[in-house]
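Breakdown of the fold
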Amino acid sequence: MKFPITESLRKTILAALLALVMLFFGLHFLMEEGVHVNQIYNALVLCDRLWILAGLLLSLVYIGLHSEMYVQSFKSLGLTVDRGEMTRLYLKRNLISVVLPAGFLSSQAFFGASIARSQKVHTNDVLSASGIFSTAGLLSMVVVVLPALGWMLTQNILPGGAVAAFVVVSVLLSSLVWAIVNFVQQGIVYRNCKHYLPAFTARLDELDWSRFQIRYFLYVLLLSCLVEVVGVLHVYIAVRALGESASFSMVFASYIAVLIVLMTSPFLRGVGAVEALLAFVLMHFGLSAVEAVSTAILFRFFEFWIVLLLSVPVFVFRPGSLVVRIAPAVLLLLLGIVNILSGITPSIAERTKLLSNYLPLATSHASAALTVAIGIVLLATAYYLLKGLRNAWWLALVLSAVSLVSHLIKGFDYEESTLALLVISALLYQRNQYNVHTNINAIRNSWVPALMIVLTCLLLSSYGFWLLDHVHFGADFTWYESFIYACQSFILIDPAGLHPLTAFGHDFLILIHLLGGFSMIFLAFMALIPIFPKFQNDENALEKATQLAKTYGKSPLDYFKTYHDKQFFFPQSGQSFVAYKNTARYALVLENPVAPDEATMIDSVVEFDQFCNNNGMRSIYYRIPESSAALYRSLGKHLLPLGQEAIVNLNTFSMDGKEKKSLRNALNKIEREGYQFVVHEAPLNSRILQQLHAVSNEWLQMLHRTELSFSQGVFDEKEIKNQTVLTLENKDGKILSFLNLIPGGSEQEANFDLMRRTEDAPNGSMDFMFANMFLYCKSKGYASCNLGLVPMSGLEHPTNVSENIIKLAYEHIPRFSGYKSLRFFKEKFEPIWETKYVAYESQLDIINLPVALDRVVRQKIPSNWIQP
């Protein structure tokens, strides 16, 4: 199988090869100069710490200047954006520009849409602001570099070869500035771009420059010049940190060399080449090879590596990301393991001796046992924390705080306490993610037997101590002593002064410890596990939902919102309802709530989310239309494109024309073979229903499928009997395929549900059915016909990693090839495509969505399971 090498891939490969050449050039330079790593290490270790601190602080200024450049770039377009978000944008763009060529274009591909959504601006505004940002960066090189270059030329500071290179670069920079100005004025550069790069030019022509304010652009240019000044200062600080003197000419010549490499390096930001050329220039000014290379490395640390290190956590640990969401649970699991290991291993002798001056030894031993017990509970808690339970969050927070103290008391183990403090910080930072509450009323009946079991174990332990002969422990216990010893052993503390004298006594203590440990785990499990209520039947709920759907319904899915498999939630207003199905952890809502207006819809979503939280569930809204996307984003939800829905315009649909010739030929062939299209109006008789049932069963067996519901119907004779059914029949009247028309939210849009056929149906039978259905619906006065969803399709321009994965799976994974075939089938009818979304709260939800969706489409829920 040949892998096609596209032009884009070829450019990427060339850029990567150039980066490797630059890296090789840097390594070759080090080898030629005879510089060893240990020499560089020794030089860097001896650096002046104050100069290093100054360089680090200046790196923060460097990041802040770039952030402010973005802010002022948007202001030049009359827009106000969040400064913190612009800082994150710069750091993320910085990271992308390292690993991908063409940093500006790559960053737009990755972050343009997300920035537009978060800052409530148009995507073209993000493109314009980024273009202003990049243009100012290029112009600042001219403003700063050319005067310095001219001064050094007049002073005869630079060698002839370097001067020639700098002159060439200056000419190129000047030419670039002229080209930008000429393009804006629509001169010869603009005309050539329009001829050779029509798509690029058309994209720029879409931008609205009428709002452009030159004052703020000058601010951007000034800030960009300050960035260059910071770069010069970083060279100066790097030289001084190594104890060497730095002249004006040395610093500027070195920085210009850096700019030359950066402008010609599309990949990895000139790693290797920057260090080598900078070291070469510094050696020209009198530094030794070791000093020059060490200075170059220190400069790159200030300007490149420290910024890159800050970019990684901003990119990975962005708000709402999966890593941030699961981090507290992972850290809590780690703390539980550390607690257990720390509790069963001896403490450091020196620390224990120091601690004994302040605390009795028994307290340290008790703390060690408590640490192990907490560790066991934390392991279970981490699992429920991952599910978003509020009770788990509270328990994790309390136990982490106790762990922090117990580690210090046990043996002054500040390392473990530091981990506990990190867990507490992570829990507090992510506190808003844990909002799934356990229904107290639902678990009250389960807690009573749980407490009875634990109490019974404790009383039996006390009774065991009381019964034991003095032979085993050297004493006869009173009831009070037995109870105290049992309580201490139950929480894994060895009672002071209690020493078993026999093997039976030793085994008895181990048994009590085991009972206590399992009891604590059992109680923690009962406190955390969400016990989901079965919703009380309301006999009028279905009737009420159906009436609301008829009154306020606007969606083609409204028919399925009142289907017999749905559960209903009615907000307090009484004017709306939510149709959903739930699994143990999730409530999947079918599209929008049915409501009279947007305000009521928002209230319904908020109330339903709270209902889910109170009952230990998380809500996911399935097949959200494009028109409602902004509403869910305003409520803080994330959206993921699910696919596209096809809608045929019946007013313009026709079987005439050259492009429909192949379709007409296929339909005419079916008619010539004696097959006919038949309309069966409701109510259907038993003979027709029996044939339809046979076709449906054969279709299910042929595809090895079972009936699925939720956003589609199942074959139900009671439902189909009262619907119009379109059939393909042979000359003997045998039904070979059928479609059933269902009511929708709009009287102008036709909808169908089941599309089934027998194995011996003629080729092209579905084309025949659809074409005739369109003509029939058109004759009935419908303006359009909804053909349903094609999952995973329509992602032409993905904006994030999740969307890129969906697009990749749709296009290249054979398992999803059926969706491509479905798209191709519907495309022949020239439909309008509308994107549908899934709305969710956390990245973890979208991972669990396939499993939750599979459960709800397969489960059969009685119609009397509805919310009171």
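Residues numbered from 1 in each chain as written. Predicted model: local features only at pLDDT ≥ 70, side-chain atom pairs only at ≥ 80, totals over all residues. Heavy atoms only, no water.

**Structural notes on the sheet that holds strand β6 (residues 676-680)**
- With respect to topology, eleven strands assemble into an open sheet ordered β1-β2-β3-β4-β11-β5-β10-β9-β8-β7-β6, the strand pairing being mixed. The open sheet has two free edges, formed respectively by β1 (567-569) and β6, since each of these has just one partner strand. Averaged over all adjacent pairs, the angle separating strand axes in this sheet is 30°, with direction ignored.
- When strand β7 (residues 725-729) meets strand β8 (residues 735-742), the two strands line up antiparallel, connected through five bridges. Pairing of Val725 across the sheet is with Asn740, part of β8.
- Contacts between helix α32 (residues 817-827) and the sheet are confined to β5 (638-649), β10 (784-791) and β11 (832-840), with β10 contributing the most and set at about 160° to the helix. (Pairing = 2+ DSSP bridges. Helix = DSSP H or I, 4+ residues; strand = E, 2+ residues; numbered from the N terminus. Axes fitted to C-alpha atoms, helices over the stretch in contact; angles between N-to-C directions. Contact = heavy atoms within 4.5 Å.)

**Let's talk about the state of the cysteines**
- By the definition in use, this model includes zero disulfides.
- Here Cys777 stays free of any disulfide, with the sulfur of Cys785 as its closest cysteine sulfur at 5.0 Å.
- A residue is classified by how much of its surface remains accessible, and Cys777, at 0% relative accessible area, is buried. (Disulfide = S-S within 2.5 Å. Buried < 20%, exposed > 50% of the residue type's maximum accessible area, 1.4 Å probe, protein only.)

**Quick look at the packing of helix α3 (residues 49-75) against helix α10 (residues 214-241)**
- Contact pair α3 / α10: the axes reach a minimum separation of 9 Å and the direction vectors enclose 165°. Judged by the angle between their axes, α3 and α10 are roughly antiparallel. The two elements α3 and α10 meet at a crossing, and its hand is left-handed.
- Partitioning the contact of α3 with α10 into residue classes produces 18 nonpolar, seven polar and three charged. (Parallel < 35°, antiparallel > 145°, perpendicular 65-115°, else oblique. Left-handed = near helix turned anticlockwise from the far one by under 90°. Nonpolar A, V, L, I, M, F, W, Y, C, P; charged D, E, K, R; others polar.)

**Structural notes on α3**
- The end-to-end C-alpha distance of α3 is 39 Å, a good match for the 39 Å that 27 residues give at a rise of 1.5 Å each.
- Two to three positions downstream of the cap, the backbone nitrogen of Leu50 sits 2.9 Å from a side-chain oxygen, assigning the N-cap of α3 to Asp48. (Expected span 1.5 Å × (residues − 1). Polar contact = N/O pair within 3.5 Å; in protein donor to acceptor, adjacent residues only side chain to side chain.)

**Concerning unusual backbone geometry**
- Across the junction of Ala682 and Pro683, the peptide omega takes the value 0°, indicating a cis bond.
- For Pro683, the location among the structural elements is in the loop between β6 and α28 (686-702).
- The phi angle at Glu591 is positive, at roughly 60°, despite the residue not being glycine.
- Of note, Glu591 is situated in the loop between β3 (586-590) and α25 (598-614).
- The exposure class assigned to Glu591 is buried, which follows from its relative accessible area of 4%.
- Despite not being glycine, Phe710 shows a phi value in the positive range, around 85°.
- Assignment of secondary structure puts Phe710 in the loop between α28 and α29 (717-720).

**Thoughts on a nonpolar patch on the surface**
- On the surface, Leu53, Leu57, Leu60 and Leu310 cluster together to form a nonpolar patch covering roughly 360 Å² of accessible area.
- At three residues, α3 tops the list of elements feeding residues into the nonpolar patch.
- Among the residues examined, Leu310 registers a relative accessible area of 34% and is labelled partly exposed. (Patch = residues over 30% accessible without salt bridge, like charges linked within 9 Å, V, L, I, M, F, W, Y side chains within 5 Å. Areas by Shrake-Rupley, 256 points an atom, 1.4 Å probe, with all protein chains shown as cover. Salt bridge = Lys/Arg side-chain N within 4 Å of Asp/Glu carboxyl O.)

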